[in-house]
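Analysis of the macromolecular model
The chain contents come next:
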Amino acid sequence: MYQTTIPDEPVCQVCQRPIELNRQFMDIPCLCQSCAQAMQKVKKVYKIDGIHWYVLYVYTDFLERLWFQLKEQKDIVLASLFLADEDVDLRSYCVCAMPSSEQKRLNRGFEPILEVFRNTSIDVYSPLYKTANIKQSNQPKAKRQEIQDVLQLKSCYWMPNKPILLVDDVCTTGATLSKACTLLSTSKVFIISAHPLWMASQQPNEVANAPWIW
């Protein structure tokens, strides 16, 4: 019986197919070329109510499956992919993560955004909490704006005296993020992946040739 994969041959962390060793261009070293291209990095910047919102990836079907595999199937190794080829330096900011609900955190045993930043040596703070486990994308459009009311600010939570950079994994309507901005007096917003419909709605707010966040 012949083995189809050479021992110790690198494989893609998403599809498990062998990575081409003679590949000249490697966007993300731990992914095959097909999966790396499917990540669809855009690095767009929008100015909304005076705050710059930075978007790294488009929330495509591929990204939806990747987040599901990380969050719900607990394939935690995938968290390192999102910033794998980014030289991240956010030491001048107080990086604050948008929270999961208490139920989700208990079921998963981890916070996805904290895992995304784990290999960056950046401290990530959690000054916010949700009072209910509500998934925004499952709600009727008329109800989505009300979901921001489940977001609250923790009392007596210490953070360093630096400009606040608010981080979220997925932005669908931006309603909860907007509420978080008001609660935290946010300086900038960093969205790892944003829904294409939201990005289209914010096209008038796009800042051309804006410098990236780091």
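Scroll up for the structure.
Remember, it's a predicted structure, so these values are computed and weren't measured experimentally.

So, about unusual backbone geometry. Glycine aside, residues mostly have negative phi angles, and peptide bonds mostly take the trans form. Of note in the backbone geometry, K43 takes a positive phi value of approximately 50° without being a glycine. You can see K43 is positioned in strand β1 (residues 41–48). At N209, a residue that is not glycine, the phi angle is positive and equals roughly 60°. Among the secondary structure elements, N209 is positioned in the segment after α7 (196–201). With a relative accessible area of 80%, N209 lands in the exposed category.

Here is the key point about a regular strand: its side chains alternate between the two faces of the sheet. Most of strand β8 (residues 188–194) is tucked away, with seven of its seven residues classed as buried. Alignment of strand β2 (residues 51–58) against β8, held across six bridges, turns out to be parallel. When the sheet's bridge partners are listed, V55 is paired in β8 with I191. Note that strand β7 (residues 164–171) and β8 share six bridges and pair parallel. Directly across from C171, in β8, lies its bridge partner A194. The parallel pair β7 and β8 is bridged by helix α6 (residues 175–184), and the resulting crossover is right-handed.

Cut-offs and rules
- Residues numbered from 1 in each chain as written.
- Predicted model: local features only at pLDDT ≥ 70, side-chain atom pairs only at ≥ 80, totals over all residues.
- Heavy atoms only, no water.
- Helix = DSSP H or I, 4+ residues; strand = E, 2+ residues; numbered from the N terminus.
- Buried < 20%, exposed > 50% of the residue type's maximum accessible area, 1.4 Å probe, protein only.
- Pairing = 2+ DSSP bridges.
- Right-handed = clockwise from strand over helix to strand, strands pointing away.

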